[in-house]
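One-letter residues, chain by chain:
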Amino acid sequence: QVQLVESGGGLVQPGGSLRLSCAASGSGFSIVAMGWYRQAPGKRRDLVATITTGGITKYTVSVKGRFTISRDNAKSTVSLQMNSLKPEDTAVYYCTADVLAGFVRYDYWGQGTQVTVSS
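Residues numbered from 1 in each chain as written. Predicted model: local features only at pLDDT ≥ 70, side-chain atom pairs only at ≥ 80, totals over all residues. Heavy atoms only, no water.

## Observations concerning the overall build of the protein
Regarding its fold elements, the protein presents 0 helices and 11 strands. The C-alpha atoms of the protein give a radius of gyration of 14 Å, which matches the 14 Å a tight globule of 119 residues would have. With the principal axes as the frame, the protein shows a C-alpha extent of 45 × 25 × 20 Å. Here the protein holds 119 residues, and 39% of them are scored as buried. Pairs at least 24 apart in sequence give 55% of the contacts found in the protein among residues at least 6 apart. Roughly 6400 Å² of accessible area belongs to the protein as shown, and the carbon and sulfur atoms make up 51% of that amount. Charged side chains in the protein number 12 positive and 7 negative. The centres of these two groups are separated by 4 Å. (Helix = DSSP H or I, 4+ residues; strand = E, 2+ residues; numbered from the N terminus. Rg over C-alpha atoms; globule rule 2.2 N^0.38 Å. Buried < 20%, exposed > 50% of the residue type's maximum accessible area, 1.4 Å probe, protein only. Contact = heavy atoms within 4.5 Å. Areas by Shrake-Rupley, 256 points an atom, 1.4 Å probe, with all protein chains shown as cover. Lys, Arg positive; Asp, Glu negative; His and termini not counted. Charge placed at Lys NZ, Arg CZ, Asp CG, Glu CD.)

If you want it as structure tokens, here you go:
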């Protein structure tokens, strides 16, 4: 079992910055990749960014150049630095972890943290 705990959401003005963090805990697994998804009201949950253990990153087009994902493999944490925030970035942000337990892959999700971009 893997637990993901997110922190860092909040209210910020357009053009501002926020940093989200997520820590994974548990035992008997190895993390393959971690990432962030977001879900705005009335919309589906979409990928924001992911990063593998080897540091390979992927971003959705709308956040490229504004958001940066990073991870600390030793601490099993992933962070999302969000700059130049726009009102359309408003959503609940979910941390996700793709883990390997034995020969089986699992996906785990955090509880979500609200990010609101508004003046």
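## Description of a nonpolar patch on the surface
Taken together, the side chains of F103, V104 and Y106 define a hydrophobic patch exposed on the protein surface, amounting to about 370 Å² of accessible area. Within the fold, V104 resides in strand β10 (residues 104-109). (Patch = residues over 30% accessible without salt bridge, like charges linked within 9 Å, V, L, I, M, F, W, Y side chains within 5 Å. Salt bridge = Lys/Arg side-chain N within 4 Å of Asp/Glu carboxyl O.)

## Quick look at the confidence of the model for the protein
Summary statistics for the protein give a mean pLDDT of 95 and a share of 100% for residues scoring 70 or more. The element-level mean pLDDT for the protein is lowest in β10, coming to 93, with strand β11 (residues 113-117) highest at 98. (pLDDT = per-residue confidence, 0-100.)

## Section: the packing of aromatic side chains
Taken as a whole and assessed by the stated rule, the structure comprises 2 aromatic pairs. Summarising the aromatic geometry, the rings of Y37 and W109 are spaced 5.0 Å apart at their centres and angled 65 degrees between planes, so their arrangement reads as edge-to-face. Within this pair, whereas Y37 is found in strand β4 (residues 30-39), its partner W109 is found in strand β10, the two being separated by 72 residues in sequence. Overall, the relative accessible area of 39% leaves W109 in the partly exposed class. Ring plane angle 45 degrees and centroid distance 6.3 Å describe the contact between Y106 and Y108, whose orientation is recorded as tilted. (Phe/Tyr/Trp six-rings, centres within 6.5 Å; stacked < 30°, edge-to-face > 60°.)

## Some remarks on the side chain of R38
Among the secondary structure elements, R38 is positioned in strand β4. Residue classification places R38 among the buried residues on the basis of a relative accessible area of 13%. A polar contact of 2.9 Å, which involves the side chain of R38, links it to the side chain of Y93. If we ignore the near neighbours within four places in the chain, the residues touching R38 are R44, R45, D46, V48, S62, V63, F67, D89, A91, V92 and Y93. (Polar contact = N/O pair within 3.5 Å; in protein donor to acceptor, adjacent residues only side chain to side chain.)

## A word on the state of the cysteines
Tallying each qualifying case throughout the model produces 1 disulfide. Two residues, C22 and C95, share a disulfide whose sulfurs are 2.1 Å apart. Linking C22 and C95, the disulfide has an S-S dihedral of approximately -80 degrees and is accordingly described as left-handed. Taken as a pair, C22 in strand β3 (residues 18-26) and C95 in strand β9 (residues 91-101) lie far apart in primary sequence, 73 residues in all. You'll find C22 and C95 in the same group, each marked buried. (Disulfide = S-S within 2.5 Å.)

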